[in-house]
Amino acid sequence: MDRTALPLVVALLLAICSLRHTGLAETIHCDLQPVDAEVTYITSQVSEGCVAQVPNATVEVHILFLESSRELSELELTIQKSKQNGTRPREVFLVLSAKKNVLLQLQAPGIPLYLAFNPKLIFQGHPGVNTTELPSFTTKSQLLAWADTKGSIASIAELNDPQSILLRLDQAPKSPSFCNLEPLVDMGHTLEWSPLTRASVRGCRLEGVPGHKEAHIVRVLPGPEAGPRTVTVKVELRCASGDPEAVLILQGPSHVSWLIDANHNMQIWTTGEYSFKIFPEKNIRGFVLPDTPQGLLGEARRLNASMVASFVELPLASVVSLQAHSCGGGGLQTSPPPVQTTPPPTESCNQELLLSLIQPKCSEDVMTVVLKKDLISTLRCTIMSLTFSDPSCQAEDRDDQFVLRSTYSSCGMAVTENVVSNEVVVNLFPSSSLQWKKVHCINMESLSFQLGLYLSPHFLQASNTIELGQQGFVQVSMTPSIPELTLQLDSCQLDLGPEGDTVELIQSQTAKGSCVSLLSPGPGGDVRFSFLLRGYMVPTPTTGTLTCTVALRSRSLSPETHRTISMRLNIVSPGLPDKGLVLPAVLGITFGAFLIGALLTAALWYIYSHTRPPGKREPVVAVAAPASSESSSTNHSIGSTQSTPCSTSSMA
């Protein structure tokens, strides 16, 4: 090579390298700032947890540790029963442990649920399930050891700032038989939740790219387990000027596929495979994309996007919802953190949440409103006065709470045929305006409830007597029948007295045991169920008390109103309407019959052997057939009486 050409070659190489370096810098140059876009997601990943398979358990235990960054937060908890057809739901023992105040809205339809919680939990309305407060524990291991005594632990999860939780009771077939608590766990189908805090969404303008094409980038990070998963991505671009020119970039682990539901036409650029909600069966193969933020920004620039309208990184999720407002040509709407020119106020009362805590409790003819002072302080509110619409009805200031109480005939109560209503007036300091909250109770004075026992499924003639081993049919009715009010059976039990057990029949609107069946409602909406009483008990009960708790719910009003009704039953043994045979009497009759038969056989043999001629005597084998048959029949009946165990009472 000519030496004079060497400097030229070196200069050309330096120029090429300089141009390439500049191109890379332009590709990844993006000053990400918070933007006016909202991203929510649902995930099954928890900071600590486990899932176990407990198919043979009679009671399955689920434990939720609720961690919160706020002094008071709201939570929606939904428990979904198993989808297996023909199986009776098992009892569920749910433990909720919260370190800070949580306002809980619980939904567990048709599930026999028992809830244990600590005092930090506040219910929105009546929980509708059996509840108890947790004992005082100092460590998590103490709580787990206590919960293990209640049944088989099926799941444990620790959640940080949850807004909503869906707990499914289906068995996890690939899970171990023991729940071993581990950090960063994917709960799979068992539990899904959405966080209260919104995801951090940022955006930027890509310099040097003309046009108004915008890019929306969603990066889903790998989870602790690498299994096939479909992520549903919902995209809503709010733009009045028509469809913006946009590209949706979805990047995640290789085992993740995407189901896209968008309200605008968009260019799609994803890893793995993707399909659209309108054609879910048609899978389209994606591309190999960079797995770094810088690489994804460069991919957006390569697709001729002039700005990144939204960029978000999320944990492995099942549903992602994106709402953006940039609309391409409208420019990037950033939302920088506000600059405070004056110090923030020390008191900022959350009035909306305070009013949500005002929930009346309705008894026979009294409405009561209770506000705990620690919750008021948590919300940074100062209450000057708390009254009904009649200002003379002031709340009572007790040690730790305000109690506002009135009968239905005073304090400005508006009483109609079915509803009692009023308004709670809150005077807050330093606000000069009053806060009003409407409260309602169902008027029970004009309603009567009947609890009846019937001995046939036709419900024609009521009875107060039932035999052991007999099927009983129970009906709870309300008069007059009001279409806007719904009658539901929360619980029922049969108390067999001090020497017997209490038989649980209905619990949490669910039949308890295989000998109890919920029946279709009656013509007037009457609640009905049947039960089979065991045919043999020790000691034998002669009386019992049937007690049922019903909930009266309105389609437009809350909270629900509960009423407990009961009736006394006479219990007799089969064939003896006045009194029943106990085991000693049965054994005495059996032994007496055997003894009489044996003596009669011996007497006949003695007479025969001493009265016939000596030459005609022949050996005779005597068989006491009648006595043997009677004894066998009696013993068989005793054994068959023990074969109908349809309650929790003891057996001999």
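Residues numbered from 1 in each chain as written. Predicted model: local features only at pLDDT ≥ 70, side-chain atom pairs only at ≥ 80, totals over all residues. Heavy atoms only, no water.

**Student:** So, the state of the cysteines: which residues are in play, and what are the values?
**Tutor:** Note: disulfide means a covalent bond formed between the sulfur atoms of two cysteine side chains. Scanning the entire structure with this criterion turns up 6 disulfides. One disulfide bridge connects Cys349 with Cys381, the sulfur atoms lying 1.8 Å from each other. Across the S-S bond of Cys349 and Cys381 the torsion is about 85°, and the bridge reads as right-handed. Placement of the pair is Cys349 in the loop between strand E24 (317-324) and helix H4 (351-356) and Cys381 in the loop between helix H5 (373-378) and strand E27 (382-387), with a sequence separation of 32 residues. On the basis of relative accessibility, which here comes to 24%, the residue Cys349 falls in the partly exposed class. Of the residues examined, Cys381 reaches a relative accessible area of 7% and is grouped as buried. (Disulfide = S-S within 2.5 Å. Helix = DSSP H or I, 4+ residues; strand = E, 2+ residues; numbered from the N terminus. Buried < 20%, exposed > 50% of the residue type's maximum accessible area, 1.4 Å probe, protein only.)

**Student:** An account of the pairing of strand E31 (residues 419-429) is requested, with residue identities and associated values reported.
**Tutor:** As judged from the 5 bridges shared by E27 and E31, these two strands associate in the antiparallel manner. When the sheet's bridge partners are listed, Thr387 is paired in E31 with Val425. Relative to E31, strand E30 (residues 414-415) runs antiparallel, the two sharing 2 bridges. Opposite Val415, over in E31, you have Val420 as the bridge partner. When E31 meets strand E32 (residues 434-442), the two strands line up antiparallel, connected through 9 bridges. Among the inter-strand pairings, Val424 is bridged to a residue of E32, identified as Lys437. (Pairing = 2+ DSSP bridges.)

**Student:** Can you lay out the pairing of strand E18 (residues 246-251) for me, pointing to particular residues and giving the numbers?
**Tutor:** The element E18 is largely enclosed, with a buried count of 6 among its 6 residues. Neither face of E18 is open: one carries Ala246, Leu248 and Leu250, the other Val247, Ile249 and Gln251, and all of them are buried. Across 6 bridges, the pairing between strand E16 (residues 214-220) and E18 is parallel. Opposite His216, over in E18, you have Leu248 as the bridge partner. Inspection of the sheet shows E18 paired to strand E20 (residues 267-270) by 4 bridges, in the parallel sense. Note that in E20 the partner of Leu248 across the bridge is Ile268.

**Student:** Would you mind going over the sheet that holds strand E28 (residues 396-397) in detail, with residue names and values included?
**Tutor:** Taking strand neighbours across the sheet as the criterion, the 4 strands line up as E25-E26-E29-E28 in an open arrangement whose pairing is antiparallel. Two strands bound the open sheet, and with one partner strand each, they are strand E25 (361-362) and E28. Alignment of E28 against strand E29 (residues 401-407), held across 2 bridges, turns out to be antiparallel. Each residue of the ladder has a partner; that of Asp397, found in E29, is Phe402.

**Student:** Before we move on, can you summarise the environment of Ile153 with the specific residues and values?
**Tutor:** Following the sequence through the fold, Ile153 ends up in strand E11 (residues 152-160). Along the sequence, Ile153 and Cys179 sit 26 residues apart, while their C-alpha atoms lie 6.5 Å from each other. Excluding residues within four positions of it along the chain, Ile153 makes contact with Ala52, Val54, Val61, Ile63, Leu144, Asp148 and Cys179. (Contact = heavy atoms within 4.5 Å.)

**Student:** Help me get a handle on the sheet that holds strand E34 (residues 462-463), residues and values and all.
**Tutor:** With respect to topology, 5 strands assemble into an open sheet ordered E34-E33-E36-E41-E40, the strand pairing being antiparallel. Two strands bound the open sheet, and with one partner strand each, they are E34 and strand E40 (516-518). Pairing analysis gives 3 bridges linking E40 to strand E41 (residues 527-532), with the strands arranged antiparallel. Looking at E41, one finds that Val516 is bridged to Phe531.

**Student:** Describe helix H3 (residues 293-302), and please don't skip the residues or the numbers.
**Tutor:** Counting buried residues along H3, 7 of its 10 residues qualify, which places the element largely inside the surrounding structure. Along H3, the positions that sit buried rather than exposed are Gly295, Leu296, Leu297, Gly298, Glu299, Ala300 and Arg301.

**Student:** How would you summarise the pattern of salt bridges if you had to cite specific residues and measurements?
**Tutor:** As enumerated under the stated definition, the model contains 13 salt bridges in all. Residue Lys99 is joined to Glu67 by a salt bridge in which the shortest nitrogen-to-oxygen separation is 3.7 Å. Placement of Lys99 in the loop between strand E6 (91-98) and strand E7 (101-107) and of Glu67 in strand E4 (residues 59-67) is noted, with a sequence separation of 32 residues between them. Linking Arg229 and Asp186 is a salt bridge whose minimum nitrogen-to-oxygen distance equals 2.3 Å. Here Asp186 lies in strand E13 (residues 182-186) and Arg229 lies in strand E17 (residues 229-237), a separation of 43 residues in the sequence. Grouping residues by exposure puts Arg229 and Asp186 together as buried. Connected via shared salt-bridge partners are Glu48, Lys140 and Glu158. (Salt bridge = Lys/Arg side-chain N within 4 Å of Asp/Glu carboxyl O.)

**Student:** Residues and numbers for the nonpolar core, please.
**Tutor:** Counting 36 residues, the largest nonpolar core has Phe449, Leu489, Leu494, Leu505, Phe529, Phe531 and Leu552 as its most contacted members. Among the secondary structure elements, those contributing two or more residues to this core are strand E33 (448-454), strand E36 (471-479), strand E37 (485-495), strand E38 (502-507), E41, strand E42 (543-554) and strand E43 (561-572). Top element by residues in this core is E37. It accounts for 5 residues. What Leu489 contacts, discounting residues up to four positions off in sequence, is Val476, Ile506, Gln509, Val527, Phe529, Cys548, Thr549 and Val550. (Core = buried A, V, L, I, M, F, W, Y, C linked by side-chain atoms within 4.5 Å.)

**Student:** Lay out a nonpolar patch on the surface in plain terms, naming residues and giving numbers.
**Tutor:** Taken together, the side chains of Phe591, Phe594, Leu595 and Leu599 present a nonpolar region at the surface, about 450 Å² in accessible area. Mapped onto the elements of the fold, Phe594 is located in helix H6 (residues 583-611). (Patch = residues over 30% accessible without salt bridge, like charges linked within 9 Å, V, L, I, M, F, W, Y side chains within 5 Å. Areas by Shrake-Rupley, 256 points an atom, 1.4 Å probe, with all protein chains shown as cover.)

**Student:** How would you summarise the confidence of the model for the protein chain if you had to cite specific residues and measurements?
**Tutor:** Predicted confidence across the protein chain gives a mean pLDDT of 81, with 81% of residues reaching 70 or more. This model gives residues 4-27 a pLDDT under 50, and the stretch forms 5 contacts once residues within four places in sequence are excluded. Within the model, the stretch residues 338-346 combines pLDDT values under 50 with 1 contact to residues more than four positions away or in other chains. (pLDDT = per-residue confidence, 0-100.)

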